[in-house]
Every structure is written in structure tokens, then in C-alpha cells.
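Coordinate inspection notes
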Amino acid sequence: MSSTTMSSVAERELIFTPIDSGDMAILHLNDDEMFLINTGDEKSLRSVEKTLNQWPDKKLKGILITSPKSENCGNLEKVSKSWDVEHIYVSNEKEMVCSLSNKDYNVLSLNEQNVIALSNDFYIKYIAKENSENGNIVLSNDVFSVYWYETDQKLNGELKGKIQLIYIPSYISANMIQQDEINKIDPQMAIINEKDDPRRNRQMHNLFQESWVETYFLKKFIAIHISIYEGDYDVYLERLNK
């Protein structure tokens, strides 16, 4: 386990970091730009700001809201204004519970046809659930791909063997995920945002262990780094200051 500071990151790195309430991750696109996935709820503003302030010289290029929940967009307007964000992507703008008072923001509502470039190599893809406006997100550079889970859905196997990491937010319960769904996604590893529910966490762990998926729990004071290289990636855990 590393004890290095979070300001020291690889050029391309995805960091899952615990916040006071909600789910958030930061994708470092290159030496100059980073991209934020969710902003936590209002109770987590201080921890979100503290995390982003680790990289004062980097431009926050955009924000992705993976589902229209207060746990994901509670600090959207404050972060967007403070960091002069260029683009905001939301998975279902019509059901968004957090609004932006300033209409000057460039807000794009994702749909099943969207494949949106974030940089020269990274992009996001929205996979909609059949007969629903909800769906899941894939972040990828065609070498390393993350499946950000938000809802159960039937897959046709097109993702099999292409997903290295599946992320499970804190508000997802074990009964929302089916074993055959994990088998179709076929991830190499899973990161589960731990919540104060030992039974849920144990069920989640067993679910992925049955599919032989390497499992990590995102918990208080521990950040999970995914350093992404050409054709390879590396995982390490960082102990955060209390």
C-alpha cells in the first residue's frame, strides 16, 4: 500500500477516492487536463474540493453525471463554477434532481447513440437499458475500459472480454446485479464502494468471487489508483490523511 500524495499521478490515471457522501472518480487525461465523474452530494462538498485541489495546475475539462441522483450531482453547480468547467454530460437530463441556474454551461444529455471523445484517446459511451431512459456508462481508450454500473440490463455479449474494470456505486444493492450479467460483462476486476452495511458488502464480494473477479472495496481513507499505460495498467492503493 502506497502512502504517496495524490498530487503524484501517472499521465493517464483513474482515481477512485472516498468522499463524505456519494460516489466520485477522477480521470487524468494527460499532463494538463482531468475529468470528473460525479460530484457527490451536498454533504460531501468539502471533501470533493479538497480532492480536486490536489491538482491546482490541471484544467478540469468536464464532468460526467452517471445517473440523475442527488448523490451524484449535489455539488455540480459549485464545482462547475469554481473550476470553470467546459462541458457537462448527464445520463438522463429529464430526471436530473440537481439543476444549474446558469444556462451558459454546455450540458449534453447522453443517449444510446453517443460516443463522446474526452481527449485524443479517451471517450465515454452510454449503454441504455432496453425500454428505459436509464443506462450504464463505459469509459475507455480502447485499451482499458471501465463499466460504471447504474442499472441492471440485458446484454448481448458485445462487451465480453473488453471490460477490465466494473465499478459498483454505494447505492447499488447486491440484488440489483445478476450473476449472468457479470459473466456477460466479464470484467477482470471490480471496485465496490463500501457502505455501512456488512451484509450488502459480503453479498457483493461473494457475487464477484463466484465469477473469479478480483475485488477491491473503496473505503474511508483509502483511494484506489488505476495507472493506464499502452497495452497495460497497474493498480495500487493509497492511504489518505485522516
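Quick look at the structure, then. (Residues numbered from 1 in each chain as written. Predicted model: local features only at pLDDT ≥ 70, side-chain atom pairs only at ≥ 80, totals over all residues. Heavy atoms only, no water.)

For the structure shown, the criterion picks out one cavity of 30 Å³ or more. Taken as a whole, the largest cavity encloses approximately 50 Å³ of empty space. The wall of the largest cavity is formed by Leu14, Leu27, Ile37, Phe122, Leu139, Ser140, Phe144, Val146 and Ile228. When grouped by side-chain class, the residues that make up the lining of the largest cavity number eight nonpolar, one polar and no charged. (1 Å grid on protein atoms, 1.4 Å probe; cavity = no way out; pocket = protein on both sides within 12 Å on 5 of 7 lines; lining within 4 Å. Points joined across faces, edges and corners; volume = space filled by probe spheres on them. Nonpolar A, V, L, I, M, F, W, Y, C, P; charged D, E, K, R; others polar.)

This part is about helix α1 (residues 45–52). Listed in full, the buried residues belonging to α1 are Leu45, Ser47, Val48, Thr51 and Leu52. Mapping the buried residues of α1 onto a view down its axis gives an arc of 165°, with all of them on the same face. α1 presents Arg46 and Lys50 as exposed residues on the side facing more than 90 degrees away from its buried surface. Residues of α1 that are buried sit in contact with β2 (25–28), β3 (33–37), β4 (59–65) and α3 (76–82). (Buried < 20%, exposed > 50% of the residue type's maximum accessible area, 1.4 Å probe, protein only. Helix = DSSP H or I, 4+ residues; strand = E, 2+ residues; numbered from the N terminus. Arc of directions from axis to C-beta. Contact = heavy atoms within 4.5 Å.)

Our next topic: the nonpolar core. By size, the foremost hydrophobic cluster in this structure holds 30 residues, and its most contacted members are Leu14, Phe16, Leu118, Leu165, Ile191 and Ile226. The residues contacting Leu118, other than those within four sequence positions of it, are Leu27, Leu29, Phe35, Lys61, Tyr89, Tyr123, Ile124 and Leu139. Judged by nonpolar contacts, the second largest core, of 25 residues, contains Ile26, Leu76, Val90 and Ala223. (Core = buried A, V, L, I, M, F, W, Y, C linked by side-chain atoms within 4.5 Å.)

For the rest of this paragraph, the subject is the pattern of salt bridges. Taken as a whole, this structure holds five salt bridges when the rule is applied. As a salt-bridge pair, Lys61 and Glu33 come within 4.0 Å of each other at their nearest N and O atoms. In this pair, Lys61 sits in strand β4 while Glu33 sits in strand β3, placing the two residues 28 residues apart along the sequence. For Asp84, the salt bridge is made with Lys59, and the minimal N-O distance between the two is 3.9 Å. Of this pair, Asp84 sits in the loop between α3 and β5 (87–90) while Lys59 sits in strand β4, and the two are 25 residues apart along the sequence. It is possible to trace a salt-bridge network through shared partners that takes in Glu11, Arg12 and Asp121. (Salt bridge = Lys/Arg side-chain N within 4 Å of Asp/Glu carboxyl O.)

What follows concerns the state of the cysteines. All told, the structure shown has one disulfide when counted by the stated rule. One disulfide bridge connects Cys73 with Cys98, the sulfur atoms lying 2.3 Å from each other. Its S-S torsion of approximately 80° makes the covalent link between Cys73 and Cys98 right-handed. Residue Cys73 is located in helix α2 (residues 70–73), and its partner Cys98 is located in the loop between β5 and β6 (106–109); the two are separated by 25 residues in the primary sequence. Judged by its relative accessible area of 1%, Cys73 is buried. Residue classification places Cys98 among the buried residues on the basis of a relative accessible area of 15%. (Disulfide = S-S within 2.5 Å.)

Counted according to the given criterion, the structure contains five aromatic pairs. Ring geometry for Phe35 and Tyr89: centres 6.0 Å apart, planes at 35°, overall tilted. With Phe35 in strand β3 and Tyr89 in strand β5, the pair connects residues that are 54 residues apart, well separated along the chain. Members of the aromatic cluster, joined through ring pairs, are Phe16, Trp148 and Tyr167. For Lys69, the ring lying beneath its charged end belongs to Tyr171, and the centroid distance is 5.0 Å. (Phe/Tyr/Trp six-rings, centres within 6.5 Å; stacked < 30°, edge-to-face > 60°. Lys NZ or Arg CZ within 6 Å of the ring centre and 35° of its normal.)

What follows concerns the sheet that holds strand β13 (residues 214–218). Taken in spatial order, the seven strands line up as β7-β8-β9-β10-β11-β12-β13 in an open sheet, and their pairing is mixed. Single-partner strands in this sheet number two, and they are β7 (115–117) and β13. For this sheet, the mean angle separating the axes of adjacent strands, direction not counted, is 20°. Of the strand pairs in this sheet, β7 and strand β8 (residues 123–128) are connected by three bridges, and their pairing is antiparallel. Bridge assignment links Ile116 to a residue of β8, and that residue is Ile124. Seen against the sheet, helix α5 (residues 198–210) touches β11 (165–168), β12 (189–193) and β13 and runs at an angle of roughly 170° to β12. (Pairing = 2+ DSSP bridges. Axes fitted to C-alpha atoms, helices over the stretch in contact; angles between N-to-C directions.)

Moving on, we get to the sheet that holds β3. A sheet is described by the order of its strands in space; here eight strands give the open sequence β6-β5-β4-β3-β2-β1-β14-β15, paired in mixed fashion. Since the sheet does not close on itself, it has two edges, and those belong to β6 and β15 (232–239), each with one partner. Geometrically, the sheet is characterised by an average inter-axis angle of 20° between neighbouring strands, direction not taken into account. Strand direction decides the pairing type here: strand β1 (residues 13–16) and strand β14 (residues 222–229), joined by four bridges, are antiparallel. Counted as the bridge partner of Ile15 is His225 from β14.

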